[in-house]
Structure formats: C-alpha cells, structure tokens
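Overview (structure and organization)
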Amino acid sequence: KNAIYSVVHSRSLEEAGKTLLGRLSKFSGCDPEAALHMTPDYVKSILEPLGLLDYPVVLITDGQDFAVIQRLLNDPEIAPKLRLFFPGGTWV
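Thresholds applied
Residues numbered from 1 in each chain as written. Predicted model: local features only at pLDDT ≥ 70, side-chain atom pairs only at ≥ 80, totals over all residues. Heavy atoms only, no water. Pairing = 2+ DSSP bridges. Helix = DSSP H or I, 4+ residues; strand = E, 2+ residues; numbered from the N terminus. Axes fitted to C-alpha atoms, helices over the stretch in contact; angles between N-to-C directions. Contact = heavy atoms within 4.5 Å. Expected span 1.5 Å × (residues − 1). Core = buried A, V, L, I, M, F, W, Y, C linked by side-chain atoms within 4.5 Å. Buried < 20%, exposed > 50% of the residue type's maximum accessible area, 1.4 Å probe, protein only.

Things to note about the sheet that holds strand β3 (residues 82–85)
The three strands lie next to each other as β1-β2-β3, forming an open sheet whose pairing is parallel. Taken across any chain shown, the strands that pair with only one partner, and hence form the sheet edges, are β1 (6–10) and β3. Across the sheet, the mean angle from the axis of one strand to that of its neighbour is 25°, orientation sign disregarded. Most of the contacts of helix α4 (residues 66–74) go to β3, to which it runs at about 160°, and overall it touches β1, β2 (57–61) and β3.

This is the structure:
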C-alpha cells in the first residue's frame, strides 16, 4: 500500500552548521535562517505547491528547539496532520 506524507527535519545547528547555511544561501538565494526556524508559513510554502498539505506531516527533531514544535502545533492547518518523533525514539 502506498502512503503519502511529508517529513520535516528540525535540527538545531552549532555555529559551523549556521555558517554553512549562510554560505549556501549566497549561491541558492534561499533564506539562511528559515530552515532553522521552521515557521508554519515556511513549511506551508514548500508543501502547498506540491499538494502535500492534505497529508500527514512527520516532524523529526533533535528536541533542541521546542519553539519549532510549538509553532507547528499552534498552526490550524499543520497541527491536525502533524506527527512527532522525538530523540531517544526507536527507528528499528
């Protein structure tokens, strides 16, 4: 059986990771901070054009930035479809 869903990976990055995102943004034209903050508008701007807002959104997180989880849980469009996986969970 086929399943349609999206995965959002929220991870806090140490300074080296933030520096890398900054450098990549210069070449890609992407916002160097948006992927770190994962605001509902950012997530929807990616999923909506692909027709994926009607399907589950799985959030994988390192748990370092609870504000990301809270923002997505507070969004009326994303929250009903959001599935959370936290650190320490078993994947096998």
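Here's the deal with helix α1 (residues 15–28)
Under the 1.5 Å per step criterion, the end-to-end length of α1 is 20 Å for 14 residues, consistent within 8% with the ideal 20 Å. Positive backbone phi, approximately 80°, marks Gly-29, located one or two places after α1.

Observations concerning unusual backbone geometry
Residue Met-38 is not a glycine yet carries a positive backbone phi of 45°. Tracing the sequence through the fold places Met-38 in the loop between α2 (34–37) and α3 (40–47).

Topic: the nonpolar core
Core analysis: the biggest nonpolar cluster contains 13 residues, and Val-8, Val-43, Leu-47, Leu-59, Leu-72 and Leu-82 have the highest contact counts within it. Contributions of two or more residues to this core are made by α3, β2 and α4. When sequence neighbours within four positions are dropped, the list of residues in contact with Val-8 reads Met-38, Val-43, Val-57, Val-58, Leu-59 and Ile-60.

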